[in-house]
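# Architecture at a glance
If you want the building blocks of each chain, they are given just below.
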Amino acid sequence: MTAGLGVDVAGLTRRFGAGRPALHGVDLAVRQGEFVALLGPSGSGKTTLLRILAGLEFPDAGRVRVGGRDMAGVPARARGVGFVFQHYALFRHMTVFENVAFGLRVRPRARRPAEAEIARRVRDLLALVQVPELERRYPEQISGGQRQRVALARALAIEPPLLLLDEPFGALDAQVRKDLRLWLRGLHDRLGITTLFVTHDQDEAMAIADRIALLRDGRVVQFDAPEALFEHPADAFVAGFLGDSNRLPCVVAGGLACFAPLPLPGMATSLPDGPALAFVRPGALLAAPGEGAVVQGVRHDGRALHLVVAAGGRMLEAAPAPGWDAPRRGDACALSIAEARFFAAQQ
Amino acid sequence: MARRLALLAALLVLAVLFLLPLVAVFAEALRRGWDVALAAIAEPDALAAISLTLLVAAIAVPVNLLGGVAAAWCIAKFDFPGKRLLVTLVELPFAVSPVISGLVWVLLFGAHGWLGPWLQAHGLRIVFALPGLVLATVFVTFPFVARTLIPLMQDQGREEEEAAATLGAGGLQTFFRVTLPNIRWALLSGVLLCNARAMGEFGAVSVVSGHVRGQTNTMPLHVEILYNEYQFAGAFAVAALLALLALVTLGAKALLERLAGRQAGAAG
């Protein structure tokens, strides 16, 4: 169908009124055909970045290139970029069929397909997004997941080389989300359209993106493959945002991190002396029968046991050490760290 | 029990305040029979008043349709400096006394007004003529369309327009294919209210009219003149016709709302 185009963003800055800018010098190079997640907490500027790429918002500074072409001064309607809105923004007074046909009908007469061709393409698209039976319905008459698919079909109707999705699964319930995101990934692999989607859900980003751009305060903190982001976080923010690690403050002295008042043995680290933060995944914080901490909760998720332990006035997530088969609520235990990632504390 | 009493009281108030006067108008108009009433309406001055009223409404309503949609579109879909001022200005005609709404045009365009001498020199007549009547009516009835549309358009937001833009639609295409269909029922309802008021306006029109019989008298003004001359049958006959126009307008509005409701129901 459509070949994707690469996206190149440099020094993008956007400020709304006074105060902190929404975007603060964003650089991002997305390869042709890539599937990229823009991930970050709310207010990190990810939606603003997406809207600038679509031409719905204009940057105060910086440059956007799509397929090597500078997009400055190109209005949204001339960009040919597919955009799926968070709340779908389907045309409420049109049927599903007319919604999908819209992008073809508004073309100048010379490039507008004949009516039969429009009907054929709309039906193909509805079949592609697996809702061919809905063409006569109105947006109000269909479910959230179906609206999402129709919105996607409508965006794909203009054969965009670049597809942008704003929180595409945000308004759906958990099971529909999971099905839809895998389906979307499959669709991307078939069509090859360069795709960027905004999400605040790290699981979602991890599950389907080729690469994740992690945003914070209007900057891209790290842009990497999911595994790399997980294994080599660039700073404490990335490490803290991804996964549900325990954040343990510590003090480094002479290459040894000391966790007092937490009842944990010291660990060797290469950080210079001073206060630091250690990120310890629940699976790497091991509890064994002993003294120092108390088991507060035990949960089995079908694969492994998860513990919540109270230690030094905090609640930590831990796992039972090998050999401790039946920890129970109220058991005393001792903690040890199998693996930790250290970052100097930000002053 | 208490609820029934409250309902009864409400119905009683409605009957006394709204139904009774309406019945009285029609009863009074027909007291001396259909022939007298019809003769009063068929009288040349009355016919002139009726056609002038329809003409003024036929000009003022389309003007306010366009102006109201434009104002509501700007206010609901865009942010610009001075937006609050514009919102306030839209409501101004409701806040100002109709007499003042008429008087400003006399002050501007009357024989002793700011632009009066210039107009006279060029042989143009605005006050005490059709243009003055239209100006006064447009001013008084401006808020009806705009105020019906603004809350609806604000509620609908800009996303559908943005979606249309990303799909390649230009400004006019977006307006006619997306914005206008989304507001059509509210727009019709606003236009009908605007029309009812345009035909019934008395105060502002009275100031700029000059009350020249057969020339610058609209229906409400004609009713007053007849009444002051003790021609009650004629006065009530024309008044009944005016009331009938209002009732037809309200009926049309109610019908439209039901149709809109049915369509929304079919869609929902």
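This structure is a prediction, so every number in the text was calculated from the model and none was measured.

What follows covers the overall build of chain A. A tally of regular secondary structure across chain A gives nine helices and 19 strands. Overall, chain A is about 80 × 45 × 35 Å in size when its C-alpha atoms are taken along their principal axes. Classification of the 347 residues of chain A by burial places 52% in the buried group. Of all intrachain contacts in chain A linking residues separated by at least 6 positions in sequence, the fraction that spans at least 24 positions is 68%. For chain A, the computed accessible surface area is about 15600 Å², with 51% contributed by carbon and sulfur atoms.

Let's shift gears to the pattern of salt bridges. Residues and elements named next belong to chain A. A complete count under the given rule lists 27 salt bridges over all chains for this structure. One salt bridge connects Asp8 with Arg63, and the closest N-O pair in it is separated by 3.7 Å. Separated by 55 residues along the polypeptide, Asp8 in strand S1 (residues 7-14) and Arg63 in strand S4 (residues 61-66) bring together distant segments of the chain. In this structure Asp8 comes out as partly exposed when scored by relative accessible area, which is 29%.

Let us look at the domain arrangement of chain A. Many authors give the size of an interface as the accessible area that is lost as the parts come together. Residue and element names in this part refer to chain A. For chain A, the assigned domains read domain 1 (7-241) and domain 2 (246-344). Taken over C-alpha atoms, the centre of domain 1 sits 40 Å from the centre of domain 2. Contact residues are listed per partner, giving eight residues for domain 1 and six residues for domain 2. With both chains or domains summed, domain 1 and domain 2 bury close to 540 Å², and 64% of this area falls on carbon and sulfur atoms. For the domain 1 face of the interface with domain 2, the top three residues by lost area are Phe230, Ala236 and Ala239, together amounting to 58%. Taken together, the connections running from domain 1 to domain 2 amount to zero salt bridges. For the side of domain 1 that touches domain 2, the secondary-structure elements that each account for two or more residues are helix H8 (226-231) and helix H9 (236-241). Here the element with the most residues in the side of domain 1 that touches domain 2 is H9; it accounts for three residues.

To continue, consider the pairing of strand S3 (residues 35-39) of chain A. Residue and element names in this part refer to chain A. Among the five residues in S3, five count as buried, and that is most of the element. Both faces of S3 are covered, namely the face carrying Phe35, Ala37 and Leu39 and the face carrying Val36 and Leu38. One ladder, built from five bridges, connects S3 with strand S8 (residues 194-199); its direction is parallel. Within S8, the position partnered with Ala37 by the bridge is Phe197. Pairing geometry for S3 and strand S9 (residues 211-216), over four bridges, is parallel.

About the criteria used
Residues numbered from 1 in each chain as written. Chains lettered and ligands numbered in written order. Predicted model: local features only at pLDDT ≥ 70, side-chain atom pairs only at ≥ 80, totals over all residues. Heavy atoms only, no water. Helix = DSSP H or I, 4+ residues; strand = E, 2+ residues; numbered from the N terminus. Buried < 20%, exposed > 50% of the residue type's maximum accessible area, 1.4 Å probe, protein only. Contact = heavy atoms within 4.5 Å. Areas by Shrake-Rupley, 256 points an atom, 1.4 Å probe, with all protein chains shown as cover. Salt bridge = Lys/Arg side-chain N within 4 Å of Asp/Glu carboxyl O. Domains from an automatic or database assignment. Buried area = accessible area lost by both parts, 1.4 Å probe. Pairing = 2+ DSSP bridges.

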